[in-house]
Amino acid sequence: MQASSVDGVRVVSGALDERLGVFMARLRQARMRATEPAIHDLRVSMRRLIAVLELAREVGPGAGVG
């Protein structure tokens, strides 16, 4: 794997960690208080997590990048 590929994987990995943390926080919030804003925030965080997962699939090891 080239250095630029490794850097890309690190960036995506960091974004994935961040998005997963936000998603888990929003999930706990929605479970405690299922209000419309809490559910909206959960859905937004879920869509953003899915977007980062799709990106990770493209730049991850074995994706043919490089």
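Position numbers for residues count from 1 along each chain, tracking the sequence in the order it is written. Local features in this predicted model are restricted to residues of pLDDT 70 or higher, and side-chain atom pairs are both shown and tallied only at a pLDDT of 80 or more, whereas totals for entire chains, interfaces and linings draw on every residue. With hydrogens and water excluded, all non-hydrogen atoms of the structure serve as input to the side-chain values.

J.: I keep staring at the overall build of the chain and nothing clicks. Help me out?
T.: Along the backbone of the chain there are two helices and zero strands. Note on classification: 1.4 Å probe, protein chains only; a residue is buried when its accessible area is under 20% of the maximum for its type, exposed when over 50%, partly exposed between these limits. The proportion of buried residues among the 66 residues of the chain is 18%. About 5,000 Å² of surface is accessible on the chain, with carbon and sulfur atoms providing 56% of the total. Only DSSP runs of H or I with at least four residues qualify as helices, and only runs of E with at least two residues qualify as strands; both kinds are numbered from the N terminus onward. Method for areas: the Shrake-Rupley scheme with a 1.4 Å probe, in which residue coverage is limited to the protein chains shown.

J.: Can you help me understand the pattern of salt bridges in this one?
T.: Side-chain pairing between opposite charges can occur once the charged atoms of the two side chains come close. Definition used for salt bridges: Asp or Glu carboxyl oxygen within 4 Å of a side-chain nitrogen of Lys or Arg. Inspection of every chain in the model, using the stated rule, returns one salt bridge. Between Arg19 and Glu18 there is a salt bridge, with its nearest N and O atoms 3.8 Å apart. Overall, Arg19 belongs to the buried group, its relative accessible area being 17%.

J.: Help me understand the side chain of Arg19 in this model?
T.: Residue placement: Arg19 occurs in helix 1 (residues 3-32). Whether two residues are in contact is decided by their heavy atoms: any pair within 4.5 Å suffices. Every residue in contact with Arg19, bar those within four places of it in the chain, is listed here: Arg48, Leu49 and Val52.

J.: Whenever I open this one, helix 2 (residues 36-59) confuses me. Can you help?
T.: One turn of an α-helix holds 3.6 residues; hence residues three or four places apart share an orientation. For a helix, the expected span equals 1.5 Å multiplied by the residue count minus one. Look at helix 2: 35 Å from first C-alpha to last across 24 residues, which is about the 34 Å you get at 1.5 Å a residue. Along helix 2, the positions that sit buried rather than exposed are Ala38, Leu42, Val44, Ser45, Leu49 and Val52.

J.: Honestly, the environment of Leu42 in this entry has me stumped. Any pointers?
T.: In this fold, Leu42 is placed in helix 2. Overall, Leu42 belongs to the buried group, its relative accessible area being 11%. Residues Leu42 and Gln29, spaced 13 residues apart in sequence, show a C-alpha to C-alpha distance of 8.4 Å. Not counting chain neighbours up to four residues away, the residues in contact with Leu42 comprise Phe23, Arg26, Leu27 and Ala30.

J.: What's the story with the environment of Leu53 in this structure? I'm lost.
T.: Mapped onto the fold, Leu53 is located in helix 2. For Leu53, a relative accessible area of 42% corresponds to the partly exposed category.

Just geometry here; none of it tells us what the structure is for.
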